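Structure at a glance
Take a look at the letters that make up each chain.
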Amino acid sequence: MKILSGNCQGMGNSLTFHYLKELCYTHYLDILRKCCFFKSFFVNPQGLAKGLALSLKEECNVFVIHLEVYFLHAYIYNSSINSNIDVLFVYISNVEEVKTIQFTSLINYRSSIGNYFVIIGDFNSILSAVEKEGGTQFTHSNSLLFRNFIKELGLIDLGYKGSGMTWSNKGEGVHHIKERLD
């Protein structure tokens, strides 16, 4: 089962939509997050939560187990390969106080998930200094909350392909900050 996940704030842009659609057809992607074709499930944006969308190919059956403003828990079965998995699609706030509540809630929710699961989404967090350029200096304490979340759930980073930095504040000169958000 192939998965594409991303933070696509530009989904209203027709070029973004057509690019993702082409990726789907080119790479036979089974699950697309934040896209608008095939079977779809949505969590509407509320306040600082940016909303979630889950779209699937025809051969995938999805059972939405639980919805919150910041996560969607789905059980996905792909009949073409006779495979299934629990998947959490998340959008974690960039506000530290809210992020703490969300990470704690997901740690507590862990008992509702099967033994094998994947968490995909936007954690608005970085783990090391190499994932940040500009702005205030990164310290280990900046990542303790995210590191604890990873440890408590026994997560493994599956890696990343793409540009080195995934977010920018679009500032100029010394005010330009870039991060590779996990």
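My aim in this report is to walk through the structure given alongside it, one point at a time. Along each chain, the written sequence defines residue order, and numbers are assigned to residues from 1. Residue-level local features of this predicted model are given only where pLDDT is at least 70; pairs of side-chain atoms are given and counted only at 80 or more, and the full residue set underlies all totals for whole chains, interfaces and linings. The basis for every side-chain value is the complete set of heavy atoms in the structure, and neither hydrogens nor water enter the calculation.

Along its length, the chain carries three helices and 11 strands. Strands are runs of DSSP state E lasting at least 2 residues, helices are runs of H or I lasting at least 4, and numbering of each runs from the N terminus. Secondary structure elements of the chain, listed N to C terminal, follow the sequence β-α-β-β-β-β-β-β-α-β-β-α-β-β. A total of 182 residues make up the chain; the buried ones form 37% of that total. Once local pairs closer than 6 in sequence are excluded, the contacts in the chain between residues at least 24 apart make up 48%. The protein chains shown are the only cover counted for residues, whose accessible areas, like all others here, come from Shrake-Rupley with a 1.4 Å probe. Accessible surface, the chain as shown: approximately 10,600 Å² in total, 55% of it carbon and sulfur. Under the scheme applied here, a residue whose accessible area is under 20% of the maximum for its type counts as buried, over 50% as exposed, and between as partly exposed, the area being computed with a 1.4 Å probe on protein chains only. In this analysis, two residues are considered to be in contact whenever any of their non-hydrogen atoms come within 4.5 Å of each other.

Turning our eyes to something else, we now look at the nonpolar core. Membership of the largest hydrophobic core comes to 16 residues, with the highest contact counts inside it found for Leu88, Val90, Leu106, Ile119, Phe123 and Phe149. Apart from residues no more than four positions distant in its own chain, Leu106 is found in contact with Tyr70, Phe71, Leu88, Val90, Ile92, Phe149 and Leu153. To define a nonpolar core, start from buried Ala, Val, Leu, Ile, Met, Phe, Trp, Tyr and Cys residues and group those joined through side-chain atoms within 4.5 Å. Val62, Val87, Phe89 and Tyr91 belong to the second largest nonpolar core, which has 10 residues in total.

In spatial order, the strands read S9-S11-S10; together these three strands make up an open sheet with antiparallel pairing. One side of each edge strand has no neighbouring strand; the edge strands of this open sheet are strand S9 (132-133) and strand S10 (167-168). Pairs of strands are assigned from DSSP output, requiring at least two bridges between the strands. Relative to strand S11 (residues 178-179), S10 runs antiparallel, the two sharing two bridges. Bridged to Trp167 within S11 is Glu179.

With that settled, consider the pattern of salt bridges. Salt bridge, as applied in this entry: a Lys or Arg side-chain nitrogen positioned within 4 Å of an Asp or Glu carboxyl oxygen. Tallied over the full model, the rule gives three salt bridges. Notably, a salt bridge pairs Glu96 with Lys99, separated by 3.4 Å at the nearest N-O pair. A residue pair is termed a helical-turn pair when its members lie 3 or 4 positions apart in one helix, as Glu96 and Lys99 do in helix H2 (residues 96-109) at three residues. A relative accessible area of 43% places Glu96 in the partly exposed class. Here Lys178 and Glu133 are joined by a salt bridge, their closest N and O atoms 3.4 Å apart. Highlighted residues: Lys178 in strand S11 and Glu133 in strand S9, separated in sequence by 45 residues.

With that settled, the discussion passes to the pairing of strand S6 (residues 71-78). For S6, the tally of buried residues reaches six of eight residues, placing the bulk of the element in the interior. Note that S6 and strand S7 (residues 83-91) share eight bridges and pair antiparallel. Counterpart to His73 in the pairing with S7 is Leu88. In this antiparallel pair of consecutive strands, S6 and S7, the connection spans four residues, and Asn82 shows a positive phi of 50°.

This brings us to the side chain of Gln102. On the secondary structure map, Gln102 appears in helix H2. In this view, Gln102 contacts Tyr70, Tyr91, Ile92 and Ser93; residues no more than four positions away in its chain are not counted.

In terms of burial, strand S8 (residues 117-122) is largely enclosed, as five of its six residues are buried. Summarising the sheet, S7 and S8 pair through six bridges and their orientation is parallel. Counted as the bridge partner of Phe89 is Ile120 from S8. Taken together, S7, H2 and S8 constitute a β-α-β crossover, and its handedness is right-handed. By convention, a crossover is right-handed whenever its connection, traced from the first strand over the helix to the second and viewed with the strands pointing away, goes clockwise.

Only rings of Phe, Tyr and Trp enter the pairing, Trp through its six-membered ring, and a pair is recorded when the two centres are within 6.5 Å. The plane angle decides the type: under 30 degrees is stacked, over 60 is edge-to-face, the rest tilted. By the definition in use, this model includes eight aromatic pairs. Each ring, one from Phe103 and one from Phe146, has its centre 5.7 Å from the other, and the planes form 20°; the classification is stacked. One end of the pair, Phe103, is in helix H2; the other, Phe146, is in helix H3 (residues 144-153), with 43 residues separating them in the sequence. Pair check on accessibility: Phe103 and Phe146 agree, each one buried.

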